[in-house]
Amino acid sequence: MGFEGNLYEVLFEAISEGLLLVDDRGIIIESNKMSAAMFGYEEGELIGKCIEVLVPDGAKKAHEEYRNMYNNQPKARPMGANIKLDGVKKDKSQFPVQISLTPLKNEEGKNFIITLISDITERRENEENLYKLRESLEQQVRDRTKKLRESEQLYKSIARNFPSGVISIFDSSYKYLFAEGQALYELGIETSDLIGLDYLSRIDERARDQVKEELDKVFQGDSNDFEVTVGGQTYLLNAVPLSEDTKNIDKILVVEKNITAQIEVAKKLEDNLNQERELADMKSRFVSMASHEFRTPLTTINSSASLIRKYLEKGWYEKIDKHVDKIQNSVHNLTSILNDFLSFEKLEADKVNVLMGDCDIAEILMETFDEMSTVMKVNQVIKYNGPNNLLFFTDGQLLKNTMLNLLSNAIKYSKEDGEIIVTLIGDEDDIKISIQDFGLGIPVKDQKNLFSRFFRAENVTNIEGTGLGLIIVRRYLDLLNGEINFKSEEGEGTTFYITLSKI
């Protein structure tokens, strides 16, 4: 399995955590630079190894069993928040980690797991320090006047530098006993501003009941980790009781951290993977479409070439021209299919260069008429209504490509002896071009999907085409500050209207 795209690669390598993509056998498929560095490996060295190479020996068997159970019921979840997990480096040294798992299924139905790994050595040390502080706090609160002030100074020396969050201590009525952290410091809030205030009253009312319900569990003696989302921001709260006596807990310690940025990175990664799946689906559909659309013109070329050889041998020269025309038309159809896909791929990759300049729009239209004359059906004519000269500031080649595409459709979907009317009006500020045919028309139920990828109306499925032409036209016009509209009636014909405004 492969994942392509510059955006995917930038996101994959830009995040500050280790990132692994693991298949359902536990084999590492992708590894970013951070994950390799975190575990002491060279870049790319982890790819192809079993994920258990990063697990301590004593936990390997249990990890394999857990991985099999997870594959049976995959869901996004964090690991290491409530239990202690360790990773093993290449040199066999161990360090604490926290892991987030996100299941992924590709277009073939195969399961993968996105593993986000954080080195929490510093956090583990802080937790141990906080645990020691909690033990000492029970002794210190007996003398609230002196010892509590001393402990607060110790908390501040640790908590003031707590990144992107707040460390707080509450009594059983949720009154602040202590609060510190960079988030408060950045807002200019001091501990003295909060002591004695009701913590719950400061919580957004949309999340207040949830927070109280979760923190009430901590006053019952259980540590608790939970997330709260409000106002577009997501916070992770880690709460622990400050007493060994689970029957008489009058204080709890709560660590709050804004994890919105982490979630956004994960979402961007997921969005990018969705885009990759969409691209893979598009390519798969193109291969299927191309194999079908190529078959008819290639068959025509082969049969016409065989007949030409036969006619030459028998001297039936008058019959050759018809088959030469068939070969030329078939080659034109094949070229159109390839041009559509190549143009669409360039547009999707944002690789189309726009070269603006003064262009004679009438001259561009005449050039397109000449180029399309070789593929027009018997007695088809293009009628032009408009000035002989009209200068406008635009990219002449992109406009010409747009007209070639629309005229090609008008010719394909019109009958022999039919008329196609092209009208040009405008000035140096804006121009309007209409292309009218009197052909098949577009069924009403299909009109809403006309600019969708690979879409073709039900009444033209027997006519060669990729279903990409009108998307390409719209993308070109977006680059030219233009718009396209149409009106159509089945059996009566279709008119497309192009408007270009001065940039």
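This one's a predicted model, so the numbers in the text were calculated from it and none came from an experiment. (Residues numbered from 1 in each chain as written. Predicted model: local features only at pLDDT ≥ 70, side-chain atom pairs only at ≥ 80, totals over all residues. Heavy atoms only, no water.)

A. How the structure looks around the overall build of the protein. Secondary structure assignment for the protein yields 14 helices and 18 strands. Going through the 503 residues of the protein one by one, you find that 42% of them count as buried. When contacts within the protein are restricted to residue pairs at least 6 apart in sequence, long-range pairs at least 24 apart make up 56% of them. Summed over all atoms, the accessible surface of the protein reaches about 27800 Å², with 48% contributed by carbon and sulfur. (Helix = DSSP H or I, 4+ residues; strand = E, 2+ residues; numbered from the N terminus. Buried < 20%, exposed > 50% of the residue type's maximum accessible area, 1.4 Å probe, protein only. Contact = heavy atoms within 4.5 Å. Areas by Shrake-Rupley, 256 points an atom, 1.4 Å probe, with all protein chains shown as cover.)

B. Seen up close, the environment of Glu107. Examined against the element boundaries, Glu107 turns out to sit in the loop between β5 (94–105) and β6 (111–119). In sequence terms Glu107 and Arg277 are 170 residues apart; their C-alpha atoms lie 6.7 Å from each other.

C. Highlighting helix α3 (residues 60–72). With 13 residues, α3 should reach 18 Å at 1.5 Å per residue; the first-to-last C-alpha distance of 19 Å fits that figure. Within α3, burial applies to Arg67, Tyr70 and Asn71. Along the axis of α3, the buried residues cluster in a sector spanning 95°; they form a single face. Residues of α3 that are exposed and point more than 90 degrees away from the buried face comprise Lys61, Met69 and Asn72. (Expected span 1.5 Å × (residues − 1). Arc of directions from axis to C-beta.)

D. Quick peek at the sheet that holds strand β16 (residues 430–436). Taken together, the five strands give an open sheet; going across it, the order is β13-β15-β16-β18-β17, and neighbouring strands pair in mixed fashion. Since the sheet does not close on itself, it has two edges, and those belong to β13 (381–385) and β17 (482–489), each with one partner. Each strand axis lies, on average, 15° off the axis of its neighbour in the sheet, ignoring direction. As judged from the eight bridges shared by β17 and strand β18 (residues 493–501), these two strands associate in the antiparallel manner. The residue of β18 that forms the bridge with Ser488 is Thr494. Here helix α14 (residues 469–479) sits on the sheet and contacts β17 and β18; the angle it forms with β17, its principal contact strand, is near 145°. (Pairing = 2+ DSSP bridges. Axes fitted to C-alpha atoms, helices over the stretch in contact; angles between N-to-C directions.)

E. Up close: helix α12 (residues 396–412). Between its first and last C-alpha, α12 extends 24 Å over 17 residues, near the 24 Å set by a 1.5 Å rise per residue. The buried fraction of α12 amounts to 14 of the 17 residues, a majority that puts the element mostly inside the structure. Measuring from the backbone nitrogen of Gln397 back to the side-chain oxygen at the start of α12 gives 3.0 Å, which picks out Asp395 as the cap. (Polar contact = N/O pair within 3.5 Å; in protein donor to acceptor, adjacent residues only side chain to side chain.)

F. Expanded view of the pattern of salt bridges. Summed over the entire model, instances satisfying the criterion amount to eleven salt bridges. Glu45 is the partner of Lys90 in a salt bridge, and the nearest nitrogen-oxygen pair spans 2.7 Å. Here Lys90 is found in the loop between β4 (85–88) and β5, whereas its partner Glu45 is found in the loop between α2 (33–38) and α3, with 45 residues between them in sequence. By relative accessible area, Lys90 is classed as partly exposed at 42%. Note that Asp86 is salt-bridged to Arg124, the shortest N-O span being 3.9 Å. Placement of the pair is Asp86 in strand β4 and Arg124 in helix α4 (residues 121–140), with a sequence separation of 38 residues. Asp86 gets classed as partly exposed once you look at its relative accessible area, which sits at 33%. Relative accessible area serves as the criterion here: at 11%, Arg124 is assigned to the buried category. Here the salt bridges do not stand alone but share partners, grouping Glu367, Glu371 and Lys400 into one network. (Salt bridge = Lys/Arg side-chain N within 4 Å of Asp/Glu carboxyl O.)

G. Local environment of the environment of Val240. Tracing the sequence through the fold places Val240 in strand β10 (residues 233–241). A residue is classified by how much of its surface remains accessible, and Val240, at 28% relative accessible area, is partly exposed.

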